[in-house]
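# An overview of the molecular structure
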Amino acid sequence: MPEQHDDHFATRLSHLARPGTRVHGFVNPPLHRGSTVLVPSTAARRESWKHRYDQYLTYGLHGNETHHALENLIADIEGGTRCQVVSSGLAANCIALLAYLRHGEHCLIPDSVYGPVRSFCDGVLAGRMAVEVGYYRPDLAPAELEALVRPNTRVLYLESPGSHTFEIQDVPALAALARRRGLKVLMDNTWGLHFFQPFRHGVDVSIQALTKYAGGHADVLLGSIVTRSDEDWRAVRQTALLYGQYASPDDCWLTLRGLRTLNVRLRQQMASGLEVARWFAARPEVLRVLHPALPGAPGHDIWRRDFDGACSLFGVVFRPEFGETRIDAMIDALRLFGIGASWGGFESLALPTYGSVVRTAAPLDLGGPAVRFHVGLEEPADLIADLERAFGRLHEGAGPA
Ligand SMILES: *Cc1c(COP(=O)(O)O)cnc(C)c1O
C-alpha cells in the first residue's frame, strides 16, 4: 500500500519507491527478475498462495518488488490505493474492460476513444463475447447520456480529453450519473496523468499508458490499472492473473527511473507545448487549435475547473483550402518533428490524423484536415523555426496562397 504523507508531487516522485536507500545505500532500488520463487517449506508455500492478490512473492508472474515499487508510486500519484501494471497501455484498457463485462451486458464507450480500444471493443467484446458496445458522443450532457443507459449497462468508459479530437468530458457529472445508475466508471487517464485526479472526480478505475510521459523516453511499453476499493482491486487483479498478464521488470525499472524526472519534464513540456500551440493559433493557415488549456478550445472551461495542468499533446486543424497533399508535404519537410504515434517522450512528433480517425456515434467534422502534435524537450524557438520553414510548403503549388 502507498505510504501516507503530505508531500508535494515533485517530492513524492523523488522519494517514494526507494527501498534501496534503506537496504544497501544505493539511491535506486535493485532490479529483480525471476519466475521461480523458492519458499522455505510446504506450509509457507500454501500460505503464500493465499496472498496472490497482495504484494507477496508467490510466483514471478504475480509480480516482484520491482513491480510493487512502481505500482505503489503510480497508485500514489493518481490518488488510488492499488495498482496493477501490465504489458502495455492497451493491455491495461482491455483488462479493465474484461474485469467488468460479461456476455449479454452493455458498455458505453466514448466515440473519441483511443483507436485500438475501439478495435478491442468491436473485435473482442462485441465480436466474440456478445457484449453490447454503445459509442456515445464524448461531449454529451449527462441527461443525454442517461438516455443511452440500458437495464444491462455495466460500464461507463471515459477518456478525457479524447484521442485526436481532445474533447474534455465532464467527469464529475458523468460519474454522478453512473453512480445513480449503478455503473462502473473506467477512465483512460493517460493524457491527464497527475493533472487530473480521477478518484476525486468519481472514477472507479483509472487506466494509464505508462508508455507515454511516465516512461518518458520512448523506450518502454507499459500500462497501469489503479483502483481505490477492495472490490475493484479484486476484480482487476483477478482478471489480470486469469489472462496471464505480466510486465517486464526491466520496463518497470526504467519507468520508475523515468518518473523521477516526470515533474520537471511535464512542466517544461506544458510550457513549450503552450508556446507552440499559441504560435499555431496565430497562423492564418490554421483554423483552430485543439489544446484544452487554450481559451476558446473545446472543453476549456471544464479543463480549468478539473485539471491543474496540461501535457504537450494537442491537435491543429488547418483551413480546408490547405488540402491533405500540401499538409503531407509540410509534415515531410519538418526536421525536428518525427512522424510517429507514441507520444510522451523527449522528442517532438507530428502525426496526420486525416483519413485515419474513426467515429460512429456522430460524423467527425473538425472543419479541415487535422494534425496531432507532440512537443518534446527541444527549445521551442527551434521547433517554431522548423514549423515556420515547413509551413512554406503549404503555399507551394496551385490553389490559394
Ligand atoms: C498510447 C495510448 C494507449 C496505449 O498505450 P500503449 O502502451 O502504446 O499500448 C492507451 N490510451 C491512450 C489514450 C493512449 O494515448
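So, here is what we can say about the structure in this document. Model, not experiment: these values are computed from the prediction.

Analysis parameters
- Residues numbered from 1 in each chain as written.
- Predicted model: local features only at pLDDT ≥ 70, side-chain atom pairs only at ≥ 80, totals over all residues.
- Heavy atoms only, no water.
- Near = heavy atom within 4 Å.
- Polar contact = N/O pair within 3.5 Å; in protein donor to acceptor, adjacent residues only side chain to side chain.
- Areas by Shrake-Rupley, 256 points an atom, 1.4 Å probe, with all protein chains shown as cover.
- Nonpolar A, V, L, I, M, F, W, Y, C, P; charged D, E, K, R; others polar.
- Axes fitted to C-alpha atoms, helices over the stretch in contact; angles between N-to-C directions.
- Helix = DSSP H or I, 4+ residues; strand = E, 2+ residues; numbered from the N terminus.
- Parallel < 35°, antiparallel > 145°, perpendicular 65-115°, else oblique.
- Left-handed = near helix turned anticlockwise from the far one by under 90°.
- Contact = heavy atoms within 4.5 Å.
- Phe/Tyr/Trp six-rings, centres within 6.5 Å; stacked < 30°, edge-to-face > 60°.
- Buried < 20%, exposed > 50% of the residue type's maximum accessible area, 1.4 Å probe, protein only.
- Disulfide = S-S within 2.5 Å.
- Arc of directions from axis to C-beta.

## Here's the deal with the site of the ligand
In the region of the ligand, 13 residues are neighbours, and Gly89, Leu90, Asp188, Thr211 and Lys212 sit closest. A distance of 2.7 Å separates an oxygen atom of the ligand from a polar atom in the backbone of Gly89. At a separation of 3.5 Å, an oxygen atom of the ligand approaches a polar side-chain atom of Trp343. Expressed as a share of its isolated accessible area of 380 Å², the protein-covered part of the ligand is 91%. Partitioning the shell around the ligand into residue classes produces 5 nonpolar, 5 polar and 3 charged.

## Focus on the packing of helix 4 (residues 65–78) against helix 10 (residues 249–260)
The interhelical angle for the contact between helix 4 and helix 10, taken along N-to-C directions, is 40 degrees, at an axis separation of 9 Å. In terms of orientation, helix 4 and helix 10 fall into the oblique class. In the packing of helix 4 onto helix 10, the handedness of the crossing is left-handed. For the pair formed by helix 4 and helix 10, the contact residues are Thr66, His67, Ala69, Leu70, Leu73, Ile74 and Ile77 on the first element and Pro249, Cys252, Trp253, Thr255, Leu256, Leu259 and Arg260 on the second. Partitioning the contact of helix 4 with helix 10 into residue classes produces 10 nonpolar, 3 polar and 1 charged.

## Re the packing of aromatic side chains
Overall, the coordinates contain 11 aromatic pairs when judged by the stated rule. Look at Trp191 and Phe307: their rings are 5.9 Å apart centre to centre, the planes differ by 75 degrees, and that puts the pair in the edge-to-face class. Note that Trp191 is positioned in the loop between strand 5 (184–188) and strand 6 (205–209) and Phe307 in the loop between helix 12 (300–306) and strand 9 (313–318), a separation of 116 residues in sequence. Residue Trp191 shares its accessibility class with Phe307, and that shared class is buried. Judged by centre distance (4.6 Å) and plane angle (40 degrees), the ring pair of Phe280 and Phe373 falls under tilted.

## Some words on the state of the cysteines
Enumeration over the complete set of coordinates arrives at 0 disulfides. No disulfide involves Cys94; its nearest neighbouring cysteine sulfur is the one of Cys121, lying 7.8 Å away. For Cys94, a relative accessible area of 13% puts it in the buried group.

## A closer look at helix 13 (residues 324–332)
Turning to helix 13, its buried residues are Arg326, Ile327, Met330 and Ile331. All buried residues of helix 13 fall inside an arc of 140 degrees around its axis, so they share one side. Of the exposed residues in helix 13, those oriented more than 90 degrees away from the buried face are Thr325 and Asp332.

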